[in-house]
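# Structural description and commentary
As a plain string of letters, each chain reads:
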Amino acid sequence: MDLIVARNREDLVKARRAGTVALVPTMGALHEGHMSLIRQARVRADQVVVSVFVNPLQFTPNEDFSRYPRTFDADLDACRTEGVDVVFHPAAEDMYALDRQVGISSGEMGARVEGVFRPGHFDGVLTVVLKLFNLVRPDLAVFGQKDAQQLALIRRMVTDLDLPIEILGVPTVREPDGLALSSRNRYLSEDDRRVALALSRALRTGAAQFTAATIRAAAQEVLDAAGPDLGVDYLALVDPATFTEVGDDFGGVAVLAVAARVGGTRLIDNVTLTLNPA
Ligand code: PAF
């Protein structure tokens, strides 16, 4: 079957076949990380829909919405190669009415960690994800663990709003040197890229420790050693379901998350760890 490009709800209804549907929501500029989501979707469902939509609602005013990479033709080729059935590519004016009033609130959880630096970001993410769920009506939706707080909030939205959709989180894909794949990596100069490696190095170094205090200290030391070219926004060791900081005596599963600016580019990364109680 040839790849179908759907622009609106009617196109999606026409493209729907019998069987299960998996949705892979993206903002395009697809890379190997997205391919890994698509492959999981392919294995798990009869029909795979990839949405490509740069969602204006999730960018805060000083962020890179206008320069966010848009590579639709290459995205279509990649989807075709991976056997995607439908690419949903709506226009912004079809997604959001000018007099739009109602959206999703990500609550206190959306104001923590990443939300401190990107106020309103997760409200915008949840609003578009719920709209995509309502338009595509998938049985399963696939997201990257690289956006760990986004994934936790989407799971929370599904629980809190009783959405009949299974959420699958897929591990982060990395370059051989450890850099997590991201559409924003293409903004990095060679020098930026070298500095950016401090993020994954800090996570790896932290992950070699066993208690909350030593994990935090070891990871922080690596970030400090990167010098002034790395503008660290946060290093956080949090409960994976709530994104609240864990105490120094915590034992169990936690997420070590980091965000930093390199040149003009903001990068995030995280790793999931099991801690021994102190
Ligand atoms: O992770 C992303 O690319 C976006 O936040 C998403 C989930 C597609 C919503 O716009």
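Residues numbered from 1 in each chain as written. Predicted model: local features only at pLDDT ≥ 70, side-chain atom pairs only at ≥ 80, totals over all residues. Heavy atoms only, no water.

### Focus: the UniProt feature "active site" (unreviewed entry) in the protein chain
Operational definition: UniProt positions are given in the numbering used here, feature names are shortened, and annotations may be inferred rather than shown by experiment. Elements are defined by DSSP. Helices are runs of H or I of four residues or more, strands are runs of E of two residues or more, and each kind is numbered from the N terminus. Accessibility here uses a 1.4 Å probe with only protein chains present; expressed as a share of the type maximum, an area under 20% marks a residue as buried, one over 50% as exposed, and anything in between as partly exposed. Residues are treated as being in contact if the distance between any of their heavy atoms lies within 4.5 Å.
Within this numbering scheme, the UniProt entry marks His34 as carrying the feature "active site" (unreviewed entry). Its location among the elements puts His34 in helix α2 (residues 32-44). Taking relative accessible area as the criterion, His34 reaches 11% and is therefore assigned buried. Those residues in contact with His34 that sit more than four places away from it in its chain are Thr26, Gly28, Ala29 and Ser183.

### Let's talk about the site of the ligand
Here is the rule we go by: Think of it this way: one heavy atom of a residue within 4 Å of a molecule or strand is enough to make that residue near it. Throughout this description, a polar contact denotes any pair of N or O atoms lying within 3.5 Å of each other; where both atoms belong to protein, one of them has to be capable of donating a hydrogen while the other can accept it, and for residues adjacent in sequence the pair is counted only when both atoms sit in side chains. Exposure was quantified through the Shrake-Rupley algorithm and a 1.4 Å probe, taking into account, for residues, occlusion by the shown protein chains and nothing else. Each residue gets one of three labels, nonpolar for Ala, Val, Leu, Ile, Met, Phe, Trp, Tyr, Cys and Pro, charged for Asp, Glu, Lys and Arg, and polar for the others, Gly among them.
Lining the immediate surroundings of the ligand are Pro25, Thr26, Met27, Asn55, Gln58, Val128, Phe143, Asp147 and Gln150. Here an oxygen atom of the ligand sits 2.7 Å away from a polar atom, N or O, in the side chain of Gln150. Within the complex, the protein chains bury 89% of what would otherwise be the 290 Å² of accessible surface of the ligand. Looking at side-chain class alone, the shell around the ligand contains four nonpolar, four polar and one charged residues.

### Concerning the packing of helix α6 (residues 121-136) against helix α7 (residues 148-160)
Rules: Fitting a line to C-alpha atoms yields each axis, with helices limited to the stretch in contact; the angle taken between N-to-C directions then spans 0 to 180 degrees. Orientation labels follow simple angle bins: below 35 degrees gives roughly parallel, above 145 gives roughly antiparallel, 65 to 115 gives roughly perpendicular, and whatever is left gives oblique. Each crossing gets its hand from how the near helix is turned against the far one by less than a right angle, where anticlockwise is left-handed and clockwise is right-handed.
Direction vectors running N to C along α6 and α7 enclose 55°, while the axes themselves pass 10 Å from each other. One element, α6, and the other, α7, form an angle in the oblique class. Classified by chirality, the crossing of α7 by α6 is right-handed. Residues Phe122, Val125, Leu126, Val129, Leu130 and Phe133 of α6 form the contact with α7, whose participating residues are Gln149, Gln150, Leu153, Ile154, Met157 and Val158.

### Let's talk about the pairing of strand β9 (residues 265-275)
For clarity, the cut-off: At least two DSSP bridges between two strands are needed for those strands to be called paired.
Note: strand β8 (residues 252-262) against β9, 11 bridges, orientation antiparallel. For Val253, the partnering residue across the bridge sits in β9 and is Thr274. Here β8 folds back onto β9 in antiparallel fashion, the turn holding two residues, of which Gly263 has a positive phi close to 60°.

### Quick word on the side chain of Asp75
Mapped onto the elements of the fold, Asp75 is located in helix α3 (residues 72-81). Within polar-contact distance, the side chain of Asp75 engages the backbone nitrogen of Leu30 at 3.0 Å. Every residue in contact with Asp75, bar those within four places of it in the chain, is listed here: Gly28, Ala29, Leu30 and Val52.

### Topic: the pairing of β8
Most of β8 sits inside the fold, with eight of its 11 residues counted as buried. Here eight bridges tie strand β7 (residues 230-238) to β8, and the two strands are oriented antiparallel to one another. Across the sheet, residue Leu230 finds its bridge partner in β8, namely Val262.

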